[in-house]
Amino acid sequence: MTSTEPRYYSSTLAQPALSGRRVTVVGIVIGLILMLVAVRGANLQLAGNERALEIGIYQQTNSDVLLAPRGLISDRTGTVLAVSNLAWDVRLNPTRVNGRPIVTDTATLATALSGATGRPYAKVKQEMDTIIATWAPTKTNVSTLVAAGLSPSETFRLTTTLTAAKRCCLNFESTWERDYPQGTLAASVLGYVNLVPTGLSGVEDFYDNVLRATPGKIKERGNDVIELQQARPGADLTLTIDANLQQFVERRLAQALKEYDASGGTIIVMETRTGAILSMASLPTYDPNSALGAAASRQGERRLRNQAVSDLYDPGSTMKAVTWAAALDSGKVTSRTVFNDSGVYRTDGIPIYNSQNGRYGAVSLLEVFQHSINTVTAQVAREYMGPESFYTYMRKFGLGNRTGVDMGGEEQGILNTPESPRWSPIVLTTNSYGQGVSMTPIQVIGAINAVANDGAVMQPHVVSKYVLPDGRVQIINPVVRNQAVSPETSRQIRAILGEATRTASPAALIKGYSVAGKTGTAEQRPNGIPVPRPIHTYAGFFPASRPQITILVKLDYPKPAFAKDTTIPVFHDVAERAAQMFNIAPDIVK
C-alpha cells in the first residue's frame, strides 16, 4: 500500500501497530490533490454532444475546500478503534444555459450511480429529476447531493461507467468518512461524530478540538493549480484502554446480564496509582458507525449515553468504605473501637434497620464490614462525626462533583448537604451507607480508588497521549485532585476491608492475591417511586496490601436479591484476567 492511499482496517483485534503516520501526511494530501484533479479531468472527458459547452464551463476558475482526515484513535497497544477513510460525495450539476439544463439524460446517470452504489435506480432517477426541476441559482436550499461517502472503488466504478457512456455533469467532492473498525467495542468510550464531523460524546466529543482536521483550499483554472493551502490532519489519540481486556469485559458483562436477568450494567477497570482507565464497558451499547440513526429514538438515545459517566444511582453499602475511612481519619473512632448494634437506629424518630433485620450486639469495625451493618455506620456518621465533618470528607472524596474524566457527558451527581433545603438529619443517616446520594459509576470507583490509593483522589482519564500533525507528542500525566484521607488511614481501612473480604466474601479472592472490596445492594427511587429490584454494586481492588487495579461492577435490577451473588463472581473473573494481562505481582505466596 502506497503512502497516498487511505488506510483500511478489518473489524478484528489483530491490527498492525501504527507507525510513521506523520511521515505520510504530505503524501496523503498530495494524493488527495491529484485525485481531485484527476476526477475533474474525468468530468471533462465525460462530454457527449455538449462537449463545447462543458469545456467553456470547465475553463472557469474553480475554488474548492480541501479536507484532511480526523485524527486516529487507537488503544494502548496500537489497535485502531477509529479512523477516517477517503470517500467521495457526488453532486448533480444543475446548471442551466439559456434556460436549458445541461443535464439531459438522467436515465443513464441514474443507471450508473445505481450500479456503483447499489441504491434503487428509480429512487436515484427521481432525485435527479427533482433537482433539475427545482434548482435555480437563487434557491440555495436545494441540495444537489445524489450520493454520499462513496469509497474510492465505488467512485472508480462510477467514473469508468460514465466515461464509457460519454456522459457528464456529476461532480465529485472528496471527503473523509469516519469508521469504527471494531464495531461496538468500547463504543461508549469512543463516542461518535455527526456528518460535519463533530464529536458528540466520549473522547470524540471531549477531544474534538484535538482530533478535528483544519481544512485547506485549492484554486484551479482548467488542470492548473494556481493556489494551494494544504489541509492539516487532526491529532492521533492513544487511549489507556486495552482492547483485549475491553473485549473480555464486555463479554463478561453481557454474560452477567443474561445470567442474572439484569436490564443493564457497567464495569470499569482502573489503574489504582494513576487513574488510567484500562477498560470501561456499559450495556446496552451501540455501534458508533450507525449512531446517528439510533439517535432518532428514545431507546437509541439511552444506548448512546455513556452510562459510566452519565447515569446517576444510589450506590448503597459500597460507600461504607468511604464513610469509615473518613471516620477513622477524623480521629473520632479507631480500628479498635467497639460499637453496640441493637438492630435499629432512629433519627428524629425515623428507624433504620440492618439487612434482613440483623442484630449483632457488640461489634468491631471488622464485623461492621463482615455483616454490612447500617445502624452502626449511621450512628458513627451522625453522632461521632456530625454533619460538618462528614460532608467535608464526602466532598474530599469527590461526591457531588464531576471527576474531570476526559469524556463528554459527565454528570455531577447529587449530594445534599445541610445548606440544601432538601437536607435533614435523616439524609445524613442514609448517606452514610450510600442511600439518598446520587453518583455516577465513575464517581463511585473514584472514591473507592482513593481508599485504595493512600487517600489520593485521582482524576480518571482514558487518553494517554496524542500526537500533533507536526510530530509533537502531548502526554496526559496523572492528576491528583485531592487528598481525602491520610496514607495511614488508607492502610488501616485496606487491611480491614481485606480481612472482611477474605472471611465474608471469599468468592472475590483470586489465587495469589489479597483482595479488598465492598458490595452494595441499593433500592432505587427514580422520581420518588421505588423500583421493585435494587441495583447491585461491587467495588474492590487488589492486591490489598499494595493496590494496582481497582474494579467496579454495577448490575441494574438483577433478579437475585443481593450483590454478593451477582457482582462478586464478575469482579473475580475480571480481576483474574487483568492480573494475567498486566503481570501484576502476587502478594500471597503459599
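Let us look at the structure shown here. Remember, it's a predicted structure, so these values are computed and weren't measured experimentally.

**A short note on the overall build of the protein**
Link 1 in the chain: Along the protein, the regular secondary structure elements total 19 helices and 23 strands.
Link 2 in the chain: The buried share among the 590 residues of the protein stands at 54%.
Link 3 in the chain: In the structure as shown, the protein presents an accessible area of about 25000 Å², 51% of it carried by carbon and sulfur atoms.

**Concerning unusual backbone geometry**
Link 1 in the chain: Geometrically, the link from Val196 to Pro197 is a cis peptide bond, its omega value of 5 degrees lying close to zero.
Link 2 in the chain: Mapped onto the secondary structure, Pro197 falls in the loop between helix 6 (187-190) and helix 7 (202-206).
Link 3 in the chain: Along the chain, Phe542 connects to Pro543 via a cis peptide bond; the corresponding omega equals -20 degrees.
Link 4 in the chain: Residue position: Pro543 is located in the loop between strand 22 (535-542) and strand 23 (549-556).
Link 5 in the chain: Although it is not a glycine, Asp454 sits at a positive phi angle of roughly 55 degrees.

**A closer look at the sheet that holds strand 22**
Link 1 in the chain: Spatially, five strands are ordered 12-11-23-22-21 in an open sheet, and the strand pairing comes out antiparallel. Taken across any chain shown, the strands that pair with only one partner, and hence form the sheet edges, are strand 12 (277-283) and strand 21 (516-522). On average, each strand axis in the sheet is inclined to that of its neighbour by 5 degrees, with strand direction left out of account.
Link 2 in the chain: As paired elements, strand 22 and strand 23 share seven bridges and run antiparallel to each other. In the strand pairing of strand 23, His536 is matched with Leu555.
Link 3 in the chain: Across the sheet, helix 18 (residues 487-504) is in contact with strand 21 and strand 22; its angle to strand 21 comes to roughly 70 degrees.
Link 4 in the chain: Sheet contacts for helix 19 (residues 567-581): strand 11 (264-271), strand 21, strand 22 and strand 23; angle to strand 22, the most-contacted strand, approximately 30 degrees.

**Structural notes on the packing of helix 9 (residues 243-260) against helix 19**
Link 1 in the chain: The interhelical angle for the contact between helix 9 and helix 19, taken along N-to-C directions, is 165 degrees, at an axis separation of 10 Å. If you check the angle between helix 9 and helix 19, you find them roughly antiparallel. In this structure, helix 9 crosses over helix 19, and the sense of that crossing is right-handed. Residues Asn244, Leu245, Phe248, Val249, Arg252, Ala256 and Tyr260 of helix 9 lie in contact with helix 19, whose contacting residues are Pro569, Val570, Asp573, Val574, Arg577, Ala578 and Met581.

**Some details on the sheet that holds strand 8 (residues 216-221)**
Link 1 in the chain: Here three strands make up an open sheet; going across it, the order is 1-8-9 and the pairing antiparallel. Edge positions in the sheet fall to strand 1 (61-66) and strand 9 (224-229), since each has one partner strand and no second. Ignoring strand direction, the axes of neighbouring strands in this sheet form an average angle of 20 degrees.
Link 2 in the chain: Here strand 8 pairs with strand 9 via five bridges, running antiparallel. Looking at the pairing, Ile218 lines up with Leu228 of strand 9.

**A look at empty space enclosed by the protein**
Link 1 in the chain: Evaluation of the coordinates by the stated rule reveals four cavities of 30 Å³ or more.
Link 2 in the chain: Estimates place the volume of the second largest cavity at around 60 Å³.
Link 3 in the chain: As for the second largest cavity, its lining consists of Thr184, Ala186, Ala187, Ser188, Gln246, Glu250, Met280, Ala281, Ser282, Leu283 and Thr285.
Link 4 in the chain: Within the residue set of the lining of the second largest cavity, elements represented by two or more residues are helix 6, helix 9 and strand 12.
Link 5 in the chain: Broken down by element, the residue count for the lining of the second largest cavity peaks at four residues, all from strand 12.
Link 6 in the chain: Tallied by class, the residues present in the lining of the second largest cavity amount to five nonpolar, five polar and one charged.

**Details of the pairing of strand 14 (residues 344-347)**
Link 1 in the chain: Burial along strand 14 is one-sided: the residues Tyr345 and Thr347 are buried and none of Val344 and Arg346 is.
Link 2 in the chain: Where strand 14 lies against strand 15 (residues 350-353), four bridges are found, and the strand directions are antiparallel. For Thr347, the partnering residue across the bridge sits in strand 15 and is Ile350.
Link 3 in the chain: The turn joining strand 14 and strand 15, which pair antiparallel and follow one another in sequence, is formed by two residues; a positive phi near 50 degrees is taken by Asp348.

**Quick look at the nonpolar core**
Link 1 in the chain: Counting 92 residues, the largest nonpolar core has Val203, Leu239, Met280, Trp324, Phe397 and Leu399 as its most contacted members.
Link 2 in the chain: In contact with Phe397, other than residues within four places in its own chain, are Val322, Ala325, Ala447, Ala450, Val451, Val457, Ala484 and Val485.
Link 3 in the chain: Grouped together as the second largest cluster of nonpolar side chains are 30 residues, Val249, Ala262, Leu283 and Ile549 included.

**A short note on helix 15 (residues 374-396)**
Link 1 in the chain: The end-to-end C-alpha distance of helix 15 is 22 Å, clearly below the 33 Å that 23 residues give at a rise of 1.5 Å each.
Link 2 in the chain: Along helix 15, the helix axis deviates most sharply at Met385, where the bend reaches about 105 degrees; the proline Pro387 sits within four residues downstream.

About the criteria used
Residues numbered from 1 in each chain as written. Predicted model: local features only at pLDDT ≥ 70, side-chain atom pairs only at ≥ 80, totals over all residues. Heavy atoms only, no water. Helix = DSSP H or I, 4+ residues; strand = E, 2+ residues; numbered from the N terminus. Buried < 20%, exposed > 50% of the residue type's maximum accessible area, 1.4 Å probe, protein only. Areas by Shrake-Rupley, 256 points an atom, 1.4 Å probe, with all protein chains shown as cover. Pairing = 2+ DSSP bridges. Axes fitted to C-alpha atoms, helices over the stretch in contact; angles between N-to-C directions. Contact = heavy atoms within 4.5 Å. Parallel < 35°, antiparallel > 145°, perpendicular 65-115°, else oblique. Left-handed = near helix turned anticlockwise from the far one by under 90°. 1 Å grid on protein atoms, 1.4 Å probe; cavity = no way out; pocket = protein on both sides within 12 Å on 5 of 7 lines; lining within 4 Å. Points joined across faces, edges and corners; volume = space filled by probe spheres on them. Nonpolar A, V, L, I, M, F, W, Y, C, P; charged D, E, K, R; others polar. Core = buried A, V, L, I, M, F, W, Y, C linked by side-chain atoms within 4.5 Å. Expected span 1.5 Å × (residues − 1). Bend = angle between axes of the 7 residues up to and from the residue.

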